[in-house]
Amino acid sequence: MIVITGATGQLGSGVIENLIQKGYDPSNIIALARSEEKAQSLKAKGVQINIGDYNDYSSLVEAFKEADKLLFISSNEMENRAEQQVSTVKAAAEAGVQHIFYTSIQRKSDMPDSPINFVTNSHIATEKAIYESGMNYTLLRNNLYMDILPWVLGENVAETGVFYPANDGQIAYALRSDMAEATANILMSENHENKEYNLSNSANFSFGMVADHLSDLFGKKVNYVNPNADVYKETMLNAGAAPMVVEMLAGFAQGAAQGEFEAGKSDLAKLLGRDAVTYKEFLNGMYATR
Ligand code: NAP
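Residues numbered from 1 in each chain as written. Predicted model: local features only at pLDDT ≥ 70, side-chain atom pairs only at ≥ 80, totals over all residues. Heavy atoms only, no water.

*Asks:* What exactly am I supposed to notice about the pattern of salt bridges here?
*Replies:* Any two side chains of opposite charge can pair if their charged atoms end up close together. This model, assessed by the stated rule, comprises 18 salt bridges. Residue Arg 34 pairs with Glu 77 through a salt bridge whose shortest N-O separation is 3.2 Å. Separated by 43 residues along the polypeptide, Arg 34 in the loop between β2 (29-33) and α2 (40-44) and Glu 77 in the loop between β4 (69-72) and α4 (81-95) bring together distant segments of the chain. Linking Arg 274 and Glu 181 is a salt bridge whose minimum nitrogen-to-oxygen distance equals 2.8 Å. Highlighted residues: Arg 274 in the loop between α12 (268-272) and α13 (279-287) and Glu 181 in helix α8 (residues 176-187), separated in sequence by 93 residues. For Glu 181, a relative accessible area of 18% translates into the label buried. (Salt bridge = Lys/Arg side-chain N within 4 Å of Asp/Glu carboxyl O. Helix = DSSP H or I, 4+ residues; strand = E, 2+ residues; numbered from the N terminus. Buried < 20%, exposed > 50% of the residue type's maximum accessible area, 1.4 Å probe, protein only.)

*Asks:* I tried to follow unusual backbone geometry on my own but got confused; where do I start?
*Replies:* Although it is not a glycine, Asn 167 adopts a positive phi angle of roughly 50 degrees. Inspection of the secondary structure puts Asn 167 in the loop between β7 (162-163) and α8. A relative accessible area of 39% places Asn 167 in the partly exposed class. The phi dihedral of Asn 191 is positive, around 65 degrees, even though this residue is not glycine. Owing to a relative accessible area of 57%, Asn 191 belongs among the exposed residues under this scheme.

*Asks:* Explanation requested: the sheet that holds strand β5 (residues 99-105) in the structure shown.
*Replies:* Within a sheet, neighbouring strands are paired by backbone hydrogen bonds and run either parallel or antiparallel to one another. The sheet built from seven strands is open, its strands ordered β3-β2-β1-β4-β5-β6-β8 with parallel pairing. On the outer flanks of this sheet lie β3 (48-51) and β8 (195-199), each paired with one strand and no other. When strand polarity is set aside, the average angle formed by the axes of neighbouring strands in this sheet is 20 degrees. Of the pairings in the sheet, the one linking strand β1 (residues 2-4) to β2 comprises three bridges and is parallel in character. (Pairing = 2+ DSSP bridges. Axes fitted to C-alpha atoms, helices over the stretch in contact; angles between N-to-C directions.)

*Asks:* Is there a simple way to think about the domain arrangement of the protein in this case?
*Replies:* When the parts come together, some accessible area is lost, and that loss is often what is quoted as the size of the interface. When its domains are assigned, the protein resolves into domain 1 (2-142) and domain 2 (144-174 + 202-263 + 277-290). Here domain 1 and domain 2 have C-alpha centroids that lie 29 Å from each other. Contact with domain 1, which involves 12 residues of that partner, is made by 13 residues of domain 2. Three residues stand out in domain 1 for area buried against domain 2, namely Gln 106, Lys 108 and Pro 115, and they jointly supply 47% of the buried area on that side. (Domains from an automatic or database assignment. Contact = heavy atoms within 4.5 Å. Buried area = accessible area lost by both parts, 1.4 Å probe.)

*Asks:* Would you take a moment to explain the side chain of Ser 215 for this structure?
*Replies:* Its place among the elements puts Ser 215 in helix α9 (residues 207-218). Residue Ser 215 is classed as buried on the basis of its relative accessible area of 11%. The contact partners of Ser 215, leaving out residues within four places of it in the chain, are Lys 220, Lys 221 and Val 222.

*Asks:* Looking at this structure, how should I read the site of the ligand?
*Replies:* Among the 22 residues in the neighbourhood of the ligand, the closest are listed as Thr 8, Leu 11, Ser 74, Ser 75 and Tyr 145. Interatomic distance of 2.7 Å between a backbone N/O atom of Tyr 145 and an oxygen atom of the ligand. For the ligand, the accessible surface in isolation is 900 Å², of which the surrounding protein chains cover 83%. Of the pockets mapped on this structure, the ligand occupies the largest pocket. When the residues that make up the shell around the ligand are grouped by side-chain class, the tally is six nonpolar, 10 polar and six charged. (Near = heavy atom within 4 Å. Polar contact = N/O pair within 3.5 Å; in protein donor to acceptor, adjacent residues only side chain to side chain. Areas by Shrake-Rupley, 256 points an atom, 1.4 Å probe, with all protein chains shown as cover. 1 Å grid on protein atoms, 1.4 Å probe; cavity = no way out; pocket = protein on both sides within 12 Å on 5 of 7 lines; lining within 4 Å. Sits in = over half its atoms within 2 Å of the grid points. Nonpolar A, V, L, I, M, F, W, Y, C, P; charged D, E, K, R; others polar.)

The structure is reproduced here in structure tokens:
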């Protein structure tokens, strides 16, 4: 039995969709959900629903009891994520889970002064709890979702240019749907005990390269504007973006500038059995019809 947390979210539902499409019996999947209501569409697919919350330890122990494998998808709550996730790992161990798969983050450094520490700190704490738990583990170090590119670029990118303080930082963002498929492939195959995989695109690109490709697609020059971080933040705040979002985007930009999201060793294509969707293919799909 595979238990999947975050099953009502985009990655978790994508993993379940892939498992079922690839022939995995849905009655051998348990989705962890915070409410029956949110899990209706999963239930309709024949998936069992167990109710649990990362903030409710005993609900997790109960929900994980039937798990041979547990896919623990990281929480989307930023404030107490480390606490929630360490507690979830302990609940898994107490429930007798044999093998935990955890969606962590691709990164270059674990140092507290890393520009993306605001997001990596909880992943690092969770990985540590997993190592210490005694369970077999598989760490899926997911790069940033390429799906966020249109959000970073803004609605009027053809006019504004690519405005993002990432210098010529090399990045290897990959599509969430590719990560979901690769994760399903891992769950359906064997010999992943105590392994760590990087789910990144194989080739690096930069925001300058994104601007160049958009220039080709739009048939006009789209500049890459690389402001300093303060100018970026001020401009975004003046445009009405939420302060938390601005801080996060600026942090990811600084991380990109420092190579935190460079491809390095990537396992995604191998796990997929094909190349991951590239940034050009993704941009073609998003913008080619404009
Ligand atoms: P998502 O669509 O926001 O899904 C998050 C899932 O976590 C939902 O199923 C949500 O349940 C569940 N969840 C949140 N708090 C919970 C709690 N207290 N107890 C139990 N379940 C809880 O996120 P996603 O796109 O699938 O991404 C999966 C994870 O990757 C995110 O949670 C985040 O940690 C991380 N992430 C990565 C990137 C990246 O670029 N690599 C970007 C964004 C997020 P409900 O449906 O009940 O809310």
